[in-house]
Amino acid sequence: MAKIVFGGVEENVVTREEFTLEHAREVLKNEVIAIIGYGIQGPGQSLNLKDNGFNVIVGQRKGATYDKAIADGWVPGKDLFEIEEACEKATVIEYLVSDAGQIATWPLIKKHLTAGKALYFSHGFGITFNDRTGIVPPADVDVIMVAPKGSGTSLRRLFLQGRGVNSSYAVYQDATGRALERTLALGIGVGSGYMFETDFKREVYSDLTGERGTLMGAIQGILSAQYEVLREHGHSPSEAFNETVEELTQSLMPLFAEKGMDWMYANCSTTAQRGALDWMGPFHDATKPVFEKLYQSVASGNEAQISIDANSKPGYRQGLEAELKALRESELWQTGAKVRELRPEND
């Protein structure tokens, strides 16, 4: 693996050029990889592994998600099974059900973790907070992680484009002496563009902070705040949306994804430069205490407990759908739906 310096800190990074797909296939040639759960990450990881030539099966309870797996080409009795049967057949169990689902199904999984198998996660939640989840693997199995830094949909889409989402990887328990090579081979197999080293605790702390912060929670809060201010000062919905969301996502974000925010600052109008430089400080100072509060809530286990408690309540799904419906039907995102229809590529 390569040693690369990021911001003055040397880190371990694995690329597809260094750990090739051919080598990954060789490492896993005698393995049966069972994808347990066909929800968020399951479809992307399983289909990418299948297309890359690995021996992969899916374990999923019968229902709508099981039917989706069939629609994606998985065949009952051949490479699609009930959860326990898939676990029994597997040498690598990719545990990709939701965090709450992991708590509920752990007794079924644990009984099939015989010596030498590998238990694979794409999130550090269950292991890091095992005092709350009860997920404590036996000592004679490898416990490993590959966590794509994107949704399962993005993982699959970029794979089909010949690209890849970057992933983090970690080994929590090496019982066989092969845990690291299994991890890296699986990371290449699921379609990672490159992989950087972490551990289960750091992954879940950064992930929970990120999705509550700039990836979803903070960005929605900031977008809705600016949209509301513009509307309250007489700007039309389309103008407020275009200046808040559309220009950001359609023009600026692709550019600073490609070249960085520093390049963006250097290549915008002098008026925009001056304003951005003057106002980034106040926004930083206003939000950093919120991010610190968020991080401490994650590190204390409070965020994990909130998630566990919420998902175990009767009627949680109905309540969640009501919250999502309110977001979907807000003026901001109703306007967004209309604006997206007007994009030239949708003519």
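Residues numbered from 1 in each chain as written. Predicted model: local features only at pLDDT ≥ 70, side-chain atom pairs only at ≥ 80, totals over all residues. Heavy atoms only, no water.

Chemist: Honestly, the overall build of the protein chain in this entry has me stumped. Any pointers?
Modeler: Per the secondary structure count, the protein chain includes 17 helices and 10 strands. In terms of C-alpha radius of gyration, the protein chain reaches 22 Å, essentially the compact-globule figure of 20 Å for 347 residues. For the protein chain, the spread of C-alpha atoms along the principal axes amounts to about 65 × 50 × 45 Å. Within the protein chain, the proportion of its 347 residues that are buried is 39%. When the accessible surface of the protein chain is split by element, carbon and sulfur atoms take 55% of a total near 18400 Å². Taking the 35 positively charged and 47 negatively charged side chains of the protein chain as two groups, their mean positions are separated by 4 Å. (Helix = DSSP H or I, 4+ residues; strand = E, 2+ residues; numbered from the N terminus. Rg over C-alpha atoms; globule rule 2.2 N^0.38 Å. Buried < 20%, exposed > 50% of the residue type's maximum accessible area, 1.4 Å probe, protein only. Areas by Shrake-Rupley, 256 points an atom, 1.4 Å probe, with all protein chains shown as cover. Lys, Arg positive; Asp, Glu negative; His and termini not counted. Charge placed at Lys NZ, Arg CZ, Asp CG, Glu CD.)

Chemist: Please explain the pairing of strand β2 (residues 9-15) as it appears in this structure.
Modeler: Each regular strand displays side chains that alternate between the two surfaces of the sheet. Relative to β2, strand β1 (residues 2-6) runs antiparallel, the two sharing 5 bridges. Bridging from a neighbouring strand, Lys 3 pairs with Asn 12 of β2. Hairpin connection of β1 to β2: 2 residues between the antiparallel strands, including Gly 7 at a positive phi of 55°. Sheet analysis places β2 next to strand β10 (residues 192-197), joined by 3 bridges and oriented antiparallel. When the sheet's bridge partners are listed, Val 13 is paired in β10 with Phe 196. (Pairing = 2+ DSSP bridges.)

Chemist: Is there a simple way to explain the layout of surface pockets in this structure?
Modeler: If a probe as big as a water molecule is rolled over the atoms, it shows which places are left empty. Estimated volume of the second largest pocket: approximately 1700 Å³. Lining the second largest pocket are 37 residues, and of these Ile 222, Gln 226, Leu 248, Met 261 and Phe 283 lie nearest its centre. Of all the elements in the fold, those that place two or more residues in the lining of the second largest pocket are α11 (217-232), α12 (237-259), α13 (261-266) and α14 (270-299). Considering every element that reaches the lining of the second largest pocket, the biggest residue donor is α14, with 14 residues. Residue classes in the lining of the second largest pocket are distributed as 24 nonpolar, 9 polar and 4 charged. (1 Å grid on protein atoms, 1.4 Å probe; cavity = no way out; pocket = protein on both sides within 12 Å on 5 of 7 lines; lining within 4 Å. Points joined across faces, edges and corners; volume = space filled by probe spheres on them. Nonpolar A, V, L, I, M, F, W, Y, C, P; charged D, E, K, R; others polar.)

Chemist: How should the pattern of salt bridges be read in this particular structure?
Modeler: Two side chains bearing opposite charge may form a pair once their charged atoms approach each other closely. In this structure the tally under the stated criterion is 17 salt bridges. Across the salt bridge formed by Glu 26 and Lys 29, the nearest N and O atoms sit 2.8 Å from each other. Of the charged contacts in the structure, one is a salt bridge between Arg 178 and Glu 31, with a shortest N-O distance of 3.2 Å. Taken as a pair, Arg 178 in the loop between β9 (165-173) and α9 (179-189) and Glu 31 in the loop between α1 (21-27) and β3 (33-36) lie far apart in primary sequence, 147 residues in all. Its relative accessible area of 26% is what places Arg 178 among the partly exposed residues. The class of Glu 31 is buried, set by a relative accessible area of 6%. Where salt bridges share partners, they join Glu 31, Asp 142, Arg 178, Glu 181 and Arg 182 into one cluster. (Salt bridge = Lys/Arg side-chain N within 4 Å of Asp/Glu carboxyl O.)

Chemist: Can you help me understand helix α10 (residues 200-212) in this one?
Modeler: Given 3.6 residues per turn, any residue in an α-helix points the same way as the ones three and four places further on. Its 13 residues place the ends of α10 18 Å apart at the C-alpha level, agreeing with the 18 Å of an ideal helix rising 1.5 Å per residue. When α10 is considered as a whole, its buried residues turn out to be Phe 200, Glu 203, Val 204, Tyr 205, Leu 208, Thr 209 and Gly 210. In this structure, the buried side of α10 is in contact with β7 (118-121), α6 (125-128), β8 (142-148), β9 and α14. Its side-chain oxygen placed 3.2 Å from the backbone nitrogen of Lys 201, Asp 199 serves as the N-cap of α10. (Expected span 1.5 Å × (residues − 1). Contact = heavy atoms within 4.5 Å. Polar contact = N/O pair within 3.5 Å; in protein donor to acceptor, adjacent residues only side chain to side chain.)

Chemist: Please explain the sheet that holds strand β6 (residues 92-95) as it appears in this structure.
Modeler: Backbone-to-backbone hydrogen bonds pair the strands of a sheet. The strands run either parallel or antiparallel. The sheet built from 10 strands is open, its strands ordered β1-β2-β10-β9-β8-β7-β6-β3-β4-β5 with mixed pairing. With one partner strand each, in any of the chains shown, β1 and β5 (80-81) form the two edges of the open sheet. Where β8 meets β9, 6 bridges bridge the pair, whose relative direction is antiparallel. Of the residues in β9, the one forming a bridge with Val 146 is Tyr 169.

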